[in-house]
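# Structural overview
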Amino acid sequence: MSSESDGTIPPTRAARRAAERAAAQASERGTIPAADADSPTAEAPSFVPVTPPLNPVDAPADAPTAVPVEAPEAATADEPEAPVEDPFNLEAFFSAGRPDEAAPGPTETTPAEAEAPLTVAMLVTPSAEPATAGGSSGSGRRPGRRRKRPFEGFSIIGFLGEILLTAGALMLLYLVWQLWYNDMVERGQQDREAASLTEKWDAEESAQPGTPNDGVVPVIAAPGDGEIFATLRIPRFGPDYGAPLAGGVSKAKTLDKAGIGHYPDTQLPGQAGNFAVAGHRNTHGAPLNLVADLRVGDAIVIETREGWFTYRYRNSEYVQPTAVDVLNPVPREDSVAATQSVITLTSCNPKMSTAERIIAYGLFESFTPRADGAPTSLTPTEG
Amino acid sequence: MYAALWRILPGPVWLRIILLLILIGVALYALVTWGFPWVQSIVDNQEVTIEQ
């Protein structure tokens, strides 16, 4: 803002200019009598624009007579203070190039009162606070903004800069969304869907009770593409962990939507052979995010309408993306008849990469019919 | 761009800030609902399956 040094010189010039302009405007409207125009106000009207709104009410009818006497005294008496704020106001005001704003007082008043703003402003401004309050805060801020106008105009560089900054922020936001927020949201969705499937199947079971465990492992019908037929539960991944399991391994129908996908050409839970499934390790809820944390003997449970198929984790390996022999009925062995039932989980390795695949194997342990209730293998894993 | 936006917004500063926050919220909602999933469908390079 303006310092005292540049405040001391301009005031007189600015004041004179102000006076001329105000007088010219006023006389254009025909509001100022001739007697007033050549009165000593010529020195002081500099204060006029500062306090335009507050005058008409206070204006005494005989103000014009008081003016010549008091105004000069007041002005000189308060001279040390006046330059500090008045020049600033004036300068700022007139450099804004909007003399109209000084006019609201006169335009709103009747012709009879029109002279009052001038005189009262002279009386009030040098000594009283209204000028300080209204002047420095109100008109002090406004001109500051206006003065910057020339530099605020549209510029190609500035526009490009803002576009680039915005693009950068959007990319960061996208990463936050993909790697953290959306995974959290979809993880929760999958957990809840698995839980609601359990409820639904429990309700069906209580409506039509099945047989308790008789040692027979049921045969499950092959699921359609994208059809959710089971849920994957791994206590090591958390007590509430559940991932819907659907047929097929297409991203569009299964992996990106349901959660875990079953390789259609592999066997089904409980059958001799390989029950092979795939799931995201990152993004889309990341159902196999913690697959590398499995420890030997951890339960991998496939829950279906009929009951729970419990597998026990045995080992992992890292393979090329084309190592399809991990899907064989006996993994990694060609043309060998399967006698055991195994589960194979496939996901990406390393995380966020397509370079390799992580493969986790488990051996089938037991089947628990729904009539017997949830198996002990589902109890949360400690440590 | 943003200076123009600030100028277009009506009212005093506090009202502009509130309006701005609302605008940001709307933009974020649109991004999360439509924008980011669409981007993911394009740039998604997650491969988790074993294929020939």
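All figures in this text were calculated on a predicted structure; none of them were measured in a lab. (Residues numbered from 1 in each chain as written. Chains lettered and ligands numbered in written order. Predicted model: local features only at pLDDT ≥ 70, side-chain atom pairs only at ≥ 80, totals over all residues.)

Okay, the overall build of chain B next. Along the backbone of chain B there are two helices and zero strands. Taking all 52 residues of chain B together, the buried fraction comes to 12%. (Helix = DSSP H or I, 4+ residues; strand = E, 2+ residues; numbered from the N terminus. Buried ≥ 20, exposed ≤ 12 C-beta atoms within 10 Å, placed from the backbone.)

Right, let's talk about the overall build of chain A for a bit. Scanning chain A from N- to C-terminus turns up eleven helices and eight strands. The burial tally for chain A puts 37% of its 383 residues in the buried class. Long-range pairs, those at least 24 residues apart, make up 71% of the contacts in chain A with a sequence separation of at least 6. (Contact = placed C-beta atoms within 7 Å.)

What follows deals with the sheet that holds strand β1 (residues 228-233) of chain A. All names here are of chain A. Reading around the circumference, β1-β2-β3-β4-β7-β8-β6-β5 is the order of the eight strands in this closed barrel, with mixed pairing throughout. For this sheet, the mean angle separating the axes of adjacent strands, direction not counted, is 30°. Sheet analysis places strand β2 (residues 243-247) next to strand β3 (residues 260-262), joined by three bridges and oriented parallel. The partner of Ala246 across the bridge, within β3, is Gly261. Packing against the sheet, helix α10 (residues 156-207) makes contact with β1, β2 and β5 (299-303), and its axis sits at approximately 75° to β2. (Pairing = 2+ DSSP bridges. Axes fitted to C-alpha atoms, helices over the stretch in contact; angles between N-to-C directions.)

Residue-level contacts link 16 residues of chain B with 26 residues of chain A. Secondary-structure elements contributing two or more residues to the side of chain B that touches chain A are α1 (2-8) and α2 (13-43) of chain B. The greatest single-element share of the side of chain B that touches chain A, amounting to five residues, is contributed by α2 of chain B. Of the residues in the side of chain B that touches chain A, the class split is nine nonpolar, five polar and two charged. (Nonpolar A, V, L, I, M, F, W, Y, C, P; charged D, E, K, R; others polar.)

Residue and element names in this part refer to chain A. Formed by 45 residues in total, the largest nonpolar core has its most connected members in Leu245, Val277, Ile300, Phe309 and Ala360. Looking at this core, the elements with two or more residues in it are α10, β1, β2, β4 (273-278), β5, β6 (307-319), β7 (341-349) and β8 (356-369). The element best represented in this core is β8, accounting for six residues. Other than its neighbours up to four places away in sequence, Ile300 contacts Ile234, Tyr311, Tyr313, Ile343 and Gly362. (Core = buried A, V, L, I, M, F, W, Y, C linked by C-beta atoms within 7 Å.)

Before going further, it helps to spend a moment on the packing of α10 of chain A against α2 of chain B. In contact at an axis separation of 11 Å, α10 of chain A and α2 of chain B are set at 90° when each is read in the N-to-C sense. Between α10 of chain A and α2 of chain B, the interaxial angle falls into the category roughly perpendicular. Across the interface between the two elements, Leu173, Tyr174, Trp177 and Gln178 of chain A of α10 of chain A pack against Leu31, Val32, Phe36, Val39 and Gln40 of chain B of α2 of chain B. Split into classes, the residues belonging to the contact of α10 of chain A with α2 of chain B amount to seven nonpolar, two polar and no charged. (Parallel < 35°, antiparallel > 145°, perpendicular 65-115°, else oblique.)

All names here are of chain A. Averaged over all residues, the pLDDT of chain A is 74; the fraction at 70 or higher stands at 60%. With pLDDT under 50 throughout, residues 1-10 is counted as low confidence; its partners more than four residues away or in other chains account for 14 contacts. In this model, residues 30-88 is a region of pLDDT below 50 whose contacts with residues beyond four sequence positions or in other chains number 127 contacts. (pLDDT = per-residue confidence, 0-100.)

A few words on the pairing of β1 of chain A. All names here are of chain A. The buried count for β1 comes to five of six residues, which makes it a mostly enclosed element. For β1 and β2, the ladder comprises four bridges, and the chain directions are antiparallel. By the bridge assignment, Ile228 is partnered in β2 with Ala246. Pairing analysis gives three bridges linking β1 to β5, with the strands arranged antiparallel. When the sheet's bridge partners are listed, Arg233 is paired in β5 with Val301.

Our next topic: α10 of chain A. Each full turn of the α-helix corresponds to 3.6 residues, which orients residues three or four apart in the same direction. With 52 residues, α10 of chain A should reach 76 Å at 1.5 Å per residue; the first-to-last C-alpha distance of 71 Å fits that figure. Where α10 of chain A bends most, the angle comes to about 45°, and this point is Trp177 of chain A. Regarding α10 of chain A, the residues found buried are Trp177, Gln178, Asn182, Arg187, Gln190, Asp191, Ala194 and Leu197 of chain A. Against the buried residues of α10 of chain A lie β1 and β2 of chain A together with α2 of chain B. (Expected span 1.5 Å × (residues − 1). Bend = angle between axes of the 7 residues up to and from the residue.)

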